[in-house]
Amino acid sequence: TPRLEILIRNFTELLGHTMERNVLDRLDLAAYELLCELLLEHCSSPEKQEFRRDAVLAIASYLKQSFHREIDWEELARRHGLSLRSFFRYWGRHFEESPARFVLKLKLEEAARRLRETSCTAADIATFVRLGDCAYFAKVFRKHYGMTPLEYRRKHAPGHLLECARVLPPNARRV
């Protein structure tokens, strides 16, 4: 807050003059004022903390529903009453991963679900979840799951989907 900034600046200026007469008393007073202000700030804002927690959780919920859309982080934070910087700071208090990593995991989980449950091509899935071209999608997918999208599909999809998505041998021709 502006009041805290003034108190910190005053305290810091006094630190540079500790050898001067009567400065130590003023330094003690400045430290006391700073401590009181910090305690007031800490104790008086449970509503703010609750609001921020609710805002971050609302953003996480939005991301779970809209991960496949283009995300304007600044606009998203503003819509929930936070600056971009505050959003990232409060996000870190509630989640162990960054918002971008959170979204990437959502995209990869949806891609894996689509590989298991549909006969969509990897390119179509990459486009839907906005993970770039097929090569980039395969690289990111492999890093996360330890196998390519095709290997994942072969391992996890039911038999009838494998027939639909079967890859033809190199010498076969499509009819």
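Residues numbered from 1 in each chain as written. Predicted model: local features only at pLDDT ≥ 70, side-chain atom pairs only at ≥ 80, totals over all residues. Heavy atoms only, no water.

(A) Just the side chain of E110, in detail. Structurally, the position occupied by E110 is in helix α6 (residues 99-117). Among the residues examined, E110 registers a relative accessible area of 15% and is labelled buried. Of note is the side chain of E110, whose polar atom sits 2.7 Å from the side chain of R113. Excluding residues that lie within four positions of it along the chain, E110 makes contacts with F67, F128 and V129. (Helix = DSSP H or I, 4+ residues; strand = E, 2+ residues; numbered from the N terminus. Buried < 20%, exposed > 50% of the residue type's maximum accessible area, 1.4 Å probe, protein only. Polar contact = N/O pair within 3.5 Å; in protein donor to acceptor, adjacent residues only side chain to side chain. Contact = heavy atoms within 4.5 Å.)

(B) A look at the environment of L108. Along the polypeptide, L108 turns up in helix α6. Along the backbone, L108 and Y145 are 37 residues apart, and their C-alpha atoms lie at a distance of 8.8 Å. Residues within four places of L108 in sequence aside, it is in contact with L131, V140, F141, H144 and Y145.

(C) Fine view of the nonpolar core. Membership of the largest hydrophobic core comes to 30 residues, with the highest contact counts inside it found for I59, L63, L82, W91, F137 and F141. Put simply, the parts of the chain that give this core at least two residues each are α3 (46-66), α4 (73-79), α5 (84-94), α6, α7 (122-128) and α8 (134-145). A per-element tally of this core places α6 first, with 8 residues. Not counting chain neighbours up to four residues away, the residues in contact with I59 comprise L76, A77, H80, L82, F87 and W91. (Core = buried A, V, L, I, M, F, W, Y, C linked by side-chain atoms within 4.5 Å.)

(D) Structural detail: the environment of L131. When you line up the elements, L131 lands in the loop between α7 and α8. Residue class for L131 comes out buried when judged on its relative accessible area of 4%. Put simply, L131 and K107 are 24 residues apart on the chain and 7.7 Å apart in space, counted from C-alpha to C-alpha. Beyond its immediate chain neighbours, meaning those up to four positions away, L131 contacts L104, K107, L108, A126, Y136 and F137.

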